Amino acid sequence: MMETLSPSVKDQLISKGIKLEQIENQLRSFAQGFPFLRIESAASPPNDILQLRSDEEEKYVTAWESYKQTGKRLVKFVPASGAASRMFKDLFAFLEADYVEPTTEFETLFFHRLKDFAFYNELSAACVRVLGQTVEELLATKRYKDVIHLLLGKRGLNYGALPKGLLSFHQAGKDVRTPLEEHLVEGALYAAESTGDVRLHFTVSAEHRPLFADLIARRVSLFEKEYGVSYKIELSEQKPSTDTVAVDEQNKPFCEEGRWLFRPGGHGALIENLNDLEADIIFIKNIDNVVPDEQKGDTVAYKKILAGLLVELQAETFAYLRKLDQGSCSRVELNEMLTFLEYRLGCRRANSSEALTDKELTVYLRDKLNRPLRVCGMVKNVGEPGGGPFRVWNADGTTGLQILESSQIDMNDLRSRTFFEQGTHFNPVDLVCGVCDYQGNAFDLTRFIDPETGFISHKSKNGRELKALELPGLWNGAMSHWNTVFVEVPISTFNPVKTVNDLLRSTHQ
């Protein structure tokens, strides 16, 4: 295939670091599609989602506080490249509407409570600077759309083009905080190392990287002084090598002026960024799931609980792997390890292990135990769009716990759709990950991706239809072959901001 490529396309592949094999695999995926996953059941308590007692929670908090003193490297990882434009889709629609005063319920609420937004004073200052009038003065003369133009447009706050991480979300006394700053505070409260270092890693877009760097430079010393910590903050971007080629309706590369169209591979591409981190334990959480200080109690407590559970499970796993290294494990010991694998780590064999020889069982246990480990918080289903916890069949005949999106489930299959509809819990993206093996070496996380869990979507560009491919999602297919534990966490730990009016909820005030 390489011989038939034009020089400009060859240059594209070289500049992005994309191998021809990747292109061939992507074109094959477009032609064949992705199989739906075979679900055994929706994950639910008590078997597949732990519901911890208060004494267990206290034990895991203590375990985490002890672990933090052992010199291990902790990182808080936050995907932060997403644009905030979808937060304001209702306000963009208002600008396009043929009426000039707030009409819908959303518009009415927004303007009625405009003063309750943390960005109100900044917006009013922009109105004075550009139009010579405050927000109140503009609204008194029904210049509603002028106010929105200055909230969203370049002449004002430019919120329509900025990432969520840089918007003013919360009032903090006389100050305001962005989501980025709230994550700095969270990091200090549960992820500070024994040295006082707090390591955070934000993935950002190249376009907005200078803005993130500027905000960090201006604000980090304030939080270091307040919390007595030292921040070690890194920014990274999605690697160009994870871009995917777009295709036309005939599954041929979408071509414009002799060049192929490439698109970002979705958040699953960030497994590469995660893989580059030097860390023992990594916390993962979305940029917009943050709350003011008065509301942080449950968030901090349950992060410690999840982390404490992880390090205890990891210690048991490591002890078993070392025992396997020593050899000569009795059948009783091997069965004990199998019970731990099946009932603590959730990986179960469909067939009885009785037919396996000791040697076969040892090989099986070593393979299944020596994997990255993640403990995932799950909230009770409240109707939010997104993924949920399921028990899924693996290619080797075992079942394991997975976080699935609806696109991975065959809704035309009655059994699968029933499991989806019966799901009692929702994935709030609340993960604590152990990414080193029992010998202290970092896992190569790319080895644990299921490449068959990507997604194809239909788009258009300049009036032409195209198909785009998203890589297996970061906490979906990119972690398919990790050991996974689900824990129920309270809904108070899940406070996403999907629309600007979500900031008016009591949890953000």
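To be clear, the structure that these remarks concern was listed above.
Residues numbered from 1 in each chain as written. Predicted model: local features only at pLDDT ≥ 70, side-chain atom pairs only at ≥ 80, totals over all residues. Heavy atoms only, no water.

(A) View of the overall build of the protein chain. In terms of regular secondary structure, the protein chain is built from 15 helices and 21 strands. Relative to its length of 509 residues, the protein chain is compact, with a C-alpha radius of gyration of 25 Å against a globular reference of 23 Å. Dimensions of the protein chain, computed from C-alpha atoms along their principal axes, come out at roughly 85 × 60 × 45 Å. Within the protein chain, the fraction of its 509 residues that count as buried is 52%. Long-range pairs, those at least 24 residues apart, make up 76% of the contacts in the protein chain with a sequence separation of at least 6. Of the roughly 23000 Å² of accessible surface on the protein chain, 49% is carried by carbon and sulfur atoms. (Helix = DSSP H or I, 4+ residues; strand = E, 2+ residues; numbered from the N terminus. Rg over C-alpha atoms; globule rule 2.2 N^0.38 Å. Buried < 20%, exposed > 50% of the residue type's maximum accessible area, 1.4 Å probe, protein only. Contact = heavy atoms within 4.5 Å. Areas by Shrake-Rupley, 256 points an atom, 1.4 Å probe, with all protein chains shown as cover.)

(B) Structural view of the environment of Tyr438. Along the polypeptide, Tyr438 turns up in the loop between strand E18 (430-434) and strand E19 (455-461). Judged by its relative accessible area of 11%, Tyr438 falls in the buried class. For Tyr438 and Ala319, which are 119 residues apart along the polypeptide, the C-alpha to C-alpha distance reads 8.0 Å. Not counting residues up to four positions away in its chain, the partners in contact with Tyr438 are Phe318, Leu321, Arg322, Asp325, Arg366 and Asn370. There is a polar contact of 2.7 Å between the side chain of Tyr438 and the side chain of Asp325. (Polar contact = N/O pair within 3.5 Å; in protein donor to acceptor, adjacent residues only side chain to side chain.)

(C) The side chain of Lys76, seen in detail. Looking at the secondary structure, you find Lys76 in strand E3 (residues 74-79). Looking at Lys76, its side chain comes within polar contact range of the side chain of His183, at 3.1 Å. In terms of polar contacts, Lys76 uses its side chain to reach the side chain of Glu186, at 3.3 Å.

(D) Broad picture of the packing of aromatic side chains. Summed over all chains, the structure comprises 15 aromatic pairs. Relative to Tyr99, the ring of Phe94 has its centre 6.0 Å away and its plane inclined at 45 degrees; by these criteria the two rings are tilted. Each ring, one from Phe110 and one from Phe117, has its centre 5.2 Å from the other, and the planes form 40 degrees; the classification is tilted. When its relative accessible area of 0% is taken as the criterion, Phe110 is described as buried. Residue classification places Phe117 among the buried positions, given a relative accessible area of 3%. By way of ring pairs, the aromatic residues Phe88, Phe94, Tyr99, Phe110, Phe111, Phe117, Phe119, Tyr144 and Tyr159 are connected into one cluster. For Arg349, the ring lying beneath its charged end belongs to Tyr364, and the centroid distance is 5.2 Å. (Phe/Tyr/Trp six-rings, centres within 6.5 Å; stacked < 30°, edge-to-face > 60°. Lys NZ or Arg CZ within 6 Å of the ring centre and 35° of its normal.)

(E) Up close: the pattern of salt bridges. Tallied over the entire structure, the rule returns 39 salt bridges. A salt bridge links Arg113 to Asp116; its shortest N-O distance comes to 2.8 Å. Two residues, Arg143 and Asp146, come together in a salt bridge whose shortest N-O distance is 2.7 Å. Residue classification places Arg143 among the partly exposed positions, given a relative accessible area of 29%. (Salt bridge = Lys/Arg side-chain N within 4 Å of Asp/Glu carboxyl O.)

(F) A look at the nonpolar core. Formed by 46 residues in total, the largest nonpolar core has its most connected members in Ile281, Leu365 and Leu369. Residue assignment for this core shows that the elements contributing at least two residues are helix H3 (54-67), strand E12 (281-285), helix H12 (297-326), helix H13 (331-343), helix H14 (358-369), strand E14 (373-380) and strand E21 (483-488). In terms of residue count, H12 provides more of this core than any other element does, 13 residues in total. Here Leu365 is in contact with Leu324, Leu334, Met337, Leu338 and Leu341, once residues within four sequence places are set aside. Counting 34 residues, the second-largest nonpolar core is a separate cluster that includes Leu91, Phe111, Leu114 and Cys127. (Core = buried A, V, L, I, M, F, W, Y, C linked by side-chain atoms within 4.5 Å.)

(G) A look at the pairing of E12. In terms of burial, E12 is largely enclosed, as five of its five residues are buried. In the sheet, E3 pairs with E12 via four bridges, with the strands oriented parallel. Bridge pairing in E12 links Phe77 to Ile284. Direction of pairing for E12 relative to E18: antiparallel, over a ladder of five bridges. For Ile281, the partnering residue across the bridge sits in E18 and is Gly434. (Pairing = 2+ DSSP bridges.)

(H) Spatial organisation of the packing of helix H9 (residues 179-190) against helix H10 (residues 209-227). The N-to-C vectors of H9 and H10 enclose an angle of 35 degrees; their axes lie 10 Å apart at closest approach. For the crossing formed where H9 meets H10, the hand is right-handed. Across from Leu180, Glu181, Leu184, Val185, Ala188 and Leu189 in H9, the residues of H10 making contact are Phe212, Leu215, Ile216, Arg219, Phe223 and Tyr227. Class assignment of the residues belonging to the contact of H9 with H10 gives a composition of ten nonpolar, no polar and two charged. (Axes fitted to C-alpha atoms, helices over the stretch in contact; angles between N-to-C directions. Left-handed = near helix turned anticlockwise from the far one by under 90°. Nonpolar A, V, L, I, M, F, W, Y, C, P; charged D, E, K, R; others polar.)

(I) Quick peek at the packing of helix H4 (residues 89-96) against helix H8 (residues 144-152). At a minimum axis distance of 10 Å, the contact between H4 and H8 shows a crossing angle of 135 degrees. Taken together, H4 and H8 sit at an angle that is classed as oblique. For H4 against H8, the interelement crossing comes out left-handed. Along the contact surface, H4 presents Leu91, Phe92, Phe94 and Leu95, while H8 presents Tyr144, Lys145, Ile148, His149, Leu151 and Leu152. Split by residue class, the contact of H4 with H8 holds eight nonpolar, one polar and one charged. (Parallel < 35°, antiparallel > 145°, perpendicular 65-115°, else oblique.)

(J) The sheet that holds strand E16 (residues 398-404), seen in detail. An order of E1-E15-E16-E13 is seen for the four strands of this open sheet, with the pairing classed as antiparallel. What marks the edges here is a single partner per strand, and that holds for strand E1 (39-42) and strand E13 (348-349). The pairing of strand E15 (residues 388-393) with E16 spans six bridges and is classified as antiparallel. When the bridges of E16 are listed, Gly388 appears paired with Leu404. The strands touched by helix H15 (residues 414-422) are E1 and E15; relative to E1, the strand with the most contacts, the crossing angle is about 25 degrees.

(K) Inspection of the environment of Leu373 at higher detail. Relative to the assigned elements, Leu373 resides in strand E14. Taking relative accessible area as the criterion, Leu373 reaches 5% and is therefore assigned buried. In the structure, Leu373 is positioned 74 residues away from Thr299 in sequence and 21 Å away in space, judged by C-alpha atoms. Excluding anything up to four places from it in sequence, Leu373 contacts Leu310, Leu313, Gln314, Leu345, Val432, Cys433, Gly434, Trp482, Asn483 and Val485.

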